Structures are given as structure tokens and as C-alpha cells.
Number of protein chains: 2
Amino acid sequence: MKEFTYYTPTKVVFGVGTEAQVGALVREQHCKKVLIHYGGGSVQRSGLLDRIKASLDAAGVSYVELGGVVPNPHLDKAQEGIALCRQEGVDFLLAVGGGSVIDSAKCIGYGAANEGDVWDFYEGKRTPTACLPVGAVLTIAAAGSEMSNSSVITNTDGGWKRDCSNDLSRPVFAVMDPELTMTLPDYQTASGCVDIMMHTMERYFNSVPENMELTDGISEALMRTVMANARILHADPKNLKARSEIMWAGSLAHNDLTGCGGEGDWCTHRLEHEMGGMFDVTHGAGLAAIWASWARHVWTGAPQRFVQFATRVMGVEPGAADADTVERGIQALEQFYREIDMPTSMAELGIAPTEDQIRTMAEKCIPGGSVKSLTLEDRIAIYTAARG
Amino acid sequence: MKEFTYYTPTKVVFGVGTEAQVGALVREQHCKKVLIHYGGGSVQRSGLLDRIKASLDAAGVSYVELGGVVPNPHLDKAQEGIALCRQEGVDFLLAVGGGSVIDSAKCIGYGAANEGDVWDFYEGKRTPTACLPVGAVLTIAAAGSEMSNSSVITNTDGGWKRDCSNDLSRPVFAVMDPELTMTLPDYQTASGCVDIMMHTMERYFNSVPENMELTDGISEALMRTVMANARILHADPKNLKARSEIMWAGSLAHNDLTGCGGEGDWCTHRLEHEMGGMFDVTHGAGLAAIWASWARHVWTGAPQRFVQFATRVMGVEPGAADADTVERGIQALEQFYREIDMPTSMAELGIAPTEDQIRTMAEKCIPGGSVKSLTLEDRIAIYTAARG
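Described in the following lines is the structure provided in the data block. Fair warning: this is a prediction, and the values are worked out from it, not measured in the lab. (Residues numbered from 1 in each chain as written. Chains lettered and ligands numbered in written order. Predicted model: local features only at pLDDT ≥ 70, side-chain atom pairs only at ≥ 80, totals over all residues. Heavy atoms only, no water.)

Details of the nonpolar core
Then comes step 1: In this structure, A:W248, A:W291, A:W294, B:W248, B:W291 and B:W294 are the most contacted members of the largest nonpolar core, which totals 214 residues.
Then comes step 2: Contacts of B:W291, omitting those with residues within four sequence positions, involve B:M198, B:M201, B:F205, B:T268, B:F306, B:F309, B:I330 and B:L333. (Core = buried A, V, L, I, M, F, W, Y, C linked by side-chain atoms within 4.5 Å. Buried < 20%, exposed > 50% of the residue type's maximum accessible area, 1.4 Å probe, protein only. Contact = heavy atoms within 4.5 Å.)

In C-alpha cells:
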């Protein structure tokens, strides 16, 4: 077991209709001007943006707005936001959307509160010393950015997708109305469920000899809950109870609770980030397409973890040999992904990288890993196995 | 399922030796003078107090100190602390101890930051509008006060034991070194484990028709972990891994995570508070002595919850009738309590209230309850059944 720091200051306000509280929550922050940040037209079409503006108006909070954030959010848009913040004297960022919008808001927060090029923080050249406060109204259960310290941004100049993790950017509040996620396309819902599973699995699979028993129990309960409710939503997308379970699981999966006492591996995310940088795939679907190939390549680095996953999470009866138990655990997860129409290979994901493209992704991929620290050859082998 | 707010801003720093970080953690708070608050001589004898002072000295933080907090902490001591804070210009409270010390520090924090009699807040006459920031170095895993918004104080003038719950008092940091709990007497360790179980069970048992599936899974994992590790510590009190599991469980049991989406019952705590107010018993042991009598009296108010507890937490095979399954679940918990030398009746606890004393406790006990809202007659019946 490793020592850990756990810091999740985000005030969660969870329940149907809670977006009406946004004005009051922002006013508590004693800010002068808010930037409302959002993505495409869905928050406009649904009337959510109007309800939020009405709530801010009622609270006497003034604001400007910037929409147009895309999935795998772009540095360009964040830089547009940084300039707007400086021009308008914005001192609070209200992200209305999913992880992409919240991540973009965090990037704006870093850029507006620090001198110099914000991309430096994502390249690891410098560490931010401040961040404008961010609040979130969540509309997609997936990334967990509403409670996390993480922000992933894509620099389209070179297709670099990079993360900046810093506690300064943890949202001060997160409004979570599960009803807002009901209109998501099924593919987005399922991709979100994969992302939530993977945020837990990236922490669950590691080589720390003695893991936290309580953390394991929490993680296993979370994964079983996500799978059960993802299956419900596949058949019944308007099921509010299942929407609620998935939404709360999304936050707990990535606010660090599921990592206390262990250490993260994060290779699946790193491998997928390069796929996302090159092909602009949906993040969760990309994770589903690559995970099993990673797992089969590395499981001998922590066999007891993969056996525990197979038996406690996937419900596999242990076999005589670990290799058999582990393989049936991996297959059971693949089977779950197929049930919710998620891909288990790049071919199923709809991308077909050439050998040169695989080498490029493998070279750009940030090294690391706890179960196994991946070499360039490892990364090439995993991408190749995942082509399908 | 109910809507909920979840707010746990406490920065947890967990691991062996983390008390050496106290100076740096306090300095981050930009305070001028610290009050070090503690209980009896154990923190002095163990050298912990000296190590903490050395850490504060190294960080250039000035401080005064106030020891002598007793279990079921007294209002008198907190008032002494409030006067000291005003006299010395204290603006940060560092609690070094268990729940009693942290609760006392919170009371000082309320008193020093608000005008008037601090007892008003515990009697519910007024609501605090501010609280001096509190940090904790935890030495007992039990109360969960290191992350909670709760503070329980006893006014010896009349034997009133009352709670004030307010997010203003959630500690800004909690240093948790499981090694510090190794020297606890076995009785204190076991009482702490009961308290941790009960903080989860008070939330788990309720009459909300549709509970949170994820919250249930987390709570059940937590309770199973606590029982397994309490048994380990009963045989092997120096087991660091078990100490770690219990310590982290203590915080998660009472930081509200285990209540998200449900509603608390809290009758067992209320009933025990009156026992503690009259007889000054150890809180956890008092909870163990009264819970089963409460459970047998009220279970028909939420039979499915008691069946779920019996089967998922206590490992009972479901019987043909709920009454049978529930009873065997209750007996299994009593058996666990006996295994760790905890009482299951007031006689085993070492107290023998008269009928008049039972009536007095029942009358003073704050009403309420989710599984069943207890009448005076209910409370008398439960106390009487628990006499043993």
C-alpha cells in the first residue's frame, strides 16, 4: 500500500432540476463576471442554456459566453476563451457540457490566470501557479472532469493530445442533473460508460504488491454498478435511476477515490490519446477498442490483479491456471462491450491505421505504466493486435 | 432516490510519517497563530506533540496549546479554548487526537468566530455563520470527525450531549498516519470499529424506497472491510495494513459518501448520546450495546433493507421468511461484536439504568428516525430491551 493524498473540494449538487441552483452557486463565489462555456447547439436547443442564463440573471450575475467546444477539445478554442477572459475581466468559468467543455474551461482558467503560453502546462514545460475558478453543469456522464484535477487538450498543430493535472483546476462546484443526460445518443451514453469503467480500471490494475482492500471493494462495486446500469440504458435510455447511477459513478471513478493507496497505470488512456489525436475518435469507444489488447500483452506483470478482476468484477469462476481465468475475464469484458455496441478493436471502431501510422502513434505516446512500463515495441505490438 | 449535496473539501494526507508535513500544511493556510488542541498525556508521552511542534517550528508557524480534552468532550473545555483564542489572536485550530479533540476544536472554532454563547449552536437556537479553520492530526480511527461536518459536545450542566452539523467546520486538512493508532488499547480500537460500522449503518438503514445502488455497494464493501480488519486487529493489534484499512474506512464512513441518495436514520446515535450523557460510556461500545434492540424494534419499517444487510454484509443465506433472515443478520452482527469484545447489551456495557433513568434518557432523546420515527414509548421499549 502506498501513501496518498485525497483532495476533492468540489461541492456536488445532484438531482433533477438542480441546474436552477446555478445562479446561487455562482453568487457564492463572489465573482464579477462569468464566462459561460459550452459546446454545440444541444444545450441551446434543449433550452438548458436559457435556464442557466435565467438563473444567473435572477442572482444578479453578469456573464459573457463562448460556445463551439468540440469533442477532444482544441487548444485554439481555449486560446479564444483566454483572450475573451482578459478582454472582459472574467473571473469565473461556468462550463455547461461534458468533459470536453469542462477540460476546455480548465485550460482557459490556467491560461487566463498565468502569463505565457498555456500549452507549456500541457507539454509539462511549466506548472501552473493559479487557475480561474471553474464550475460545471454536467450534461454527459463520462470524463469525470467535474470533480477531477485533469484536463485533456488537443493541439491540432501536430495532433498532440496532452493532459495537465493540477488540483488548482478542480471545479468548485458540479451541478449534476441526471435527466440532462437522457437525450444523449446511445453511442455517447455507451462511450461514457466505457470511460467510467476505464477510469476505475486504470487505477485498479497496477503492480503495487498490497493494494487497499477498501479501495478495491469500492472500485469493484463501482464497476459492477456501471455494467449493470449500462445494460439497462442500452435497452431503456430514459431510465432515470440508471442515468443517476451512471452519473454519480462517473464522478467517483475519476475524483481519485478509486485510486487511494494504489498507483495508476494509465497506459490504455495514453494509447487511446494517440488514436484520438490522429483519428478524432470518441474517447470511450477508443478505450474499448484498445483495452483488451493491452490487457493480454501485460497481464503477467500483475496476474493476481487480473484474476481478482475476473472473479470479483466479471463473475468468472476461477480456473486451474491464472492464464485461463484472466483470459475469461478479458473476454467477459469484451462481451459486455459488444452488448452495449462498443468496439473491441480498431476495425470495429472504424479506423484502420497503417503500419507507419501505428509507429507514429507509438512514438508519440507518453511512456510509463505500472503493470508494465511499455517500450516502443510493446506499444507497437498492442496497437497492431488491436487493429482487428 | 433523493437528491443530495456532497461536499468534502478536506485534504487528506495519508501514510506513515505524514505528521511531519503538518508545518507545511498549516503554513499553506496563511494563518498567524495556531492553537494546538489535544487530550490526555498520550500524545505527549508518545512524542507526537513534540514532533508536531518541531514541524510547526520548522515552518515558522507560532502557536499556543490547550490539552485536557476528555472523551465525550465538555463544553467547559471548549469555552476555555474560545477565551484563549480571543486572548492570543488564534486564527487556526490544530486538533491532535481523535474525534473528541476534533469535535472540541470545531466547537472552539464556532465560538471564536461568532458572537454569543456557542452552546446556542448545539441547542439549535442559532446557526453559526463562520468557523475558524480546523486541521486534524488523527490518532484514533472512529468518529470520522476529520472529514465530517459534525461536532458532538457534552454540557455537564444537565448532562446534555448535543450535535452541531455545519459544513463550515469540515477540517481543511486531515493528516492520517495509521501507525499512530497502534498503541490504542484494544477496547478503544474495537469501539472505534463499531463507531465506523454505525456511521455507515445509520445511513444504510432508511425508508427511502429506491436507494442508490452505487452507494449501497460502497457501504457494503466498507462494512465488510471493517469487520474483516477489526477481527485481524483483535488478534494482531500491530497489523499496519489492518490499521490503515480501518483508518481510511473511518473517514469515508462519515464524510457523507455512504449516504449519497439516501437519508439518515440516526436513532441509534441519538439513543446512545443519552447513555453517554448520563453514564459517560465509550461511544462505540454504547452503540454496540443498543443497536440490536433498536433493529429488532424497527426492522418492519424497512424489511428489504434489513434483508439486504443480512445477505450482502453479514453473509446470511436468505430464509423463507424475512423475519428469519433479518434476525439471523442481527445475530451475526452481535456475534461479530462479541468476537471483538464489544457489548451487545447495557449490562455487558457495565451500566444498569433504573426505570426512572430510562424514562429520563427517553425523554431527553431527540426525536426522529427514517426506518421508524420513534415515539417516547418506542424509546423506552428499546432502552428496556437493551438492559440485558
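Right, picking up where we left off after that structure.
Some details on unusual backbone geometry
Then comes step 1: The phi angle at A:N72 is positive, at roughly 50 degrees, despite the residue not being glycine.
Then comes step 2: Among the secondary structure elements, A:N72 is positioned in the loop between strand 3 (62–66) and helix 4 (75–88).
Then comes step 3: Looking at A:N72, the relative accessible area reads 8%, which means it is buried.
Then comes step 4: Even without glycine at this site, B:D341 takes up a positive phi of about 60 degrees.
Then comes step 5: The topology assignment puts B:D341 in the loop between helix 13 (322–339) and helix 14 (346–349). (Helix = DSSP H or I, 4+ residues; strand = E, 2+ residues; numbered from the N terminus.)

Section: the side chain of B:R379
All names here are of chain B.
Then comes step 1: Inspection of the secondary structure puts R379 in helix 16 (residues 376–386).
Then comes step 2: Buried and without a salt bridge, R379 has D378 as its closest oppositely charged side chain, separated by 7.1 Å.
Then comes step 3: Beyond its immediate sequence surroundings of up to four residues, R379 is in contact with L271, A362, C365, P367 and L374. (Lys, Arg positive; Asp, Glu negative; His and termini not counted. Salt bridge = Lys/Arg side-chain N within 4 Å of Asp/Glu carboxyl O.)

Some words on the sheet that holds strand 3 (residues 62–66) of chain B
Then comes step 1: Strand order in the open sheet made by the 12 strands is 3(A)-2(A)-4(A)-5(A)-8(A)-1(A)-1(B)-8(B)-5(B)-4(B)-2(B)-3(B), with mixed pairing throughout. Single-partner strands in this sheet number two, and they are strand 3 of chain A together with strand 3 of chain B. Each strand axis lies, on average, 25 degrees off the axis of its neighbour in the sheet, ignoring direction.
Then comes step 2: Across five bridges, the pairing between strand 4 (residues 92–97) of chain A and strand 5 (residues 134–138) of chain A is parallel. Residue pairing across strands places A:V96 opposite A:V137, the latter belonging to strand 5 of chain A.
Then comes step 3: In the packing of helix 5 (residues 99–113) of chain A onto the sheet, the strands contacted are strand 2 (33–38), strand 4 and strand 5 of chain A, and the crossing angle to strand 4 of chain A comes to about 165 degrees.
Then comes step 4: In this fold helix 9 (residues 240–254) of chain A packs onto strand 1 (4–14), strand 5 and strand 8 (173–176) of chain A together with strand 1 (4–14) of chain B, with an angle of close to 145 degrees to the strand it touches most, strand 1 of chain A. (Pairing = 2+ DSSP bridges. Axes fitted to C-alpha atoms, helices over the stretch in contact; angles between N-to-C directions.)

What about the side chain of B:S55?
Then comes step 1: Looking at the secondary structure, you find B:S55 in helix 3 (residues 48–58).
Then comes step 2: Setting aside anything within four residues of it in sequence, one finds B:S55 in contact with B:E19, B:A20, B:Q21, B:V22 and B:G23.

Remarks on the packing of aromatic side chains
Then comes step 1: A complete count under the given rule lists 36 aromatic pairs over all chains for this structure.
Then comes step 2: Seen in terms of ring centroids, A:W291 and A:W294 are 6.3 Å apart; in terms of plane orientation they differ by 45 degrees. Their pairing is tilted. Of this pair, A:W291 and A:W294 are both found in helix 11 (residues 283–298), three residues apart, which corresponds to roughly one turn of the helix.
Then comes step 3: Looking at A:K364, its charged tip hangs above the ring of A:W160, at a distance of 4.5 Å from the centre.
Then comes step 4: In this structure, B:R305 is placed above the aromatic ring of B:Y204, and the distance from its NZ or CZ to the ring centre is 4.5 Å. (Phe/Tyr/Trp six-rings, centres within 6.5 Å; stacked < 30°, edge-to-face > 60°. Lys NZ or Arg CZ within 6 Å of the ring centre and 35° of its normal.)

Comments concerning the pattern of salt bridges
Then comes step 1: Per the counting criterion, the structure on display carries 46 salt bridges over all chains.
Then comes step 2: Taking the shortest distance from any N to any O, the salt bridge between B:R162 and B:E274 comes out at 3.2 Å. Residue B:R162 is found in strand 7 (residues 160–165), and its partner B:E274 is found in helix 10 (residues 267–279); the two are separated by 112 residues along the sequence.
Then comes step 3: A residue is classified by how much of its surface remains accessible, and B:E274, at 3% relative accessible area, is buried.
Then comes step 4: Between B:E245 and B:K241 there is a salt bridge whose closest N-O contact spans 3.4 Å. Here B:K241 and B:E245 lie together in helix 9 (residues 240–254), a separation of four residues that amounts to about one turn.
Then comes step 5: Residue classification places B:E245 among the buried residues on the basis of a relative accessible area of 0%.
Then comes step 6: Residues joined in a network through salt bridges with shared partners are A:D167, A:R170, A:R203 and A:D256.

What to know about the packing of helix 11 (residues 283–298) of chain B against helix 13 of chain B
Residues and elements named next belong to chain B.
Then comes step 1: Packing of helix 11 against helix 13 brings their axes to within 10 Å, and their N-to-C directions diverge by 175 degrees. In this view, helix 11 runs roughly antiparallel relative to helix 13, as classed from their interaxial angle. Residues A288, W291, A292, A295 and R296 of helix 11 touch helix 13, and the partners they reach there are E327, I330, Q331, L333, E334 and Y337.
Then comes step 2: When the residues that make up the contact of helix 11 with helix 13 are grouped by side-chain class, the tally is seven nonpolar, one polar and three charged. (Parallel < 35°, antiparallel > 145°, perpendicular 65-115°, else oblique. Nonpolar A, V, L, I, M, F, W, Y, C, P; charged D, E, K, R; others polar.)

Observations regarding the interface of chain A and chain B
Then comes step 1: Each partner contributes residues to the interface: chain A has 40 residues there, and chain B has 40 residues.
Then comes step 2: Of the roughly 3,200 Å² buried between chain A and chain B on both sides combined, carbon and sulfur atoms contribute 64%.
Then comes step 3: Three residues stand out in chain A for area buried against chain B, namely A:E213, A:L214 and A:W248, and they jointly supply 19% of the buried area on that side.
Then comes step 4: On the surface where chain A and chain B come into contact, there are two salt bridges.
Then comes step 5: For the salt bridge of A:E213 with B:K241, the shortest nitrogen-to-oxygen distance reads 3.3 Å.
Then comes step 6: At the boundary of chain A with chain B, the tally comes to 13 residue pairs in polar contact (both at pLDDT 80 or more).
Then comes step 7: Looking at the side of chain A that touches chain B, the elements that each hand over two or more residues are strand 1, helix 8 (213–235) and helix 9 of chain A.
Then comes step 8: Residues of the side of chain A that touches chain B, tallied by class, amount to 21 nonpolar, 12 polar and seven charged. (Buried area = accessible area lost by both parts, 1.4 Å probe. Polar contact = N/O pair within 3.5 Å; in protein donor to acceptor, adjacent residues only side chain to side chain.)

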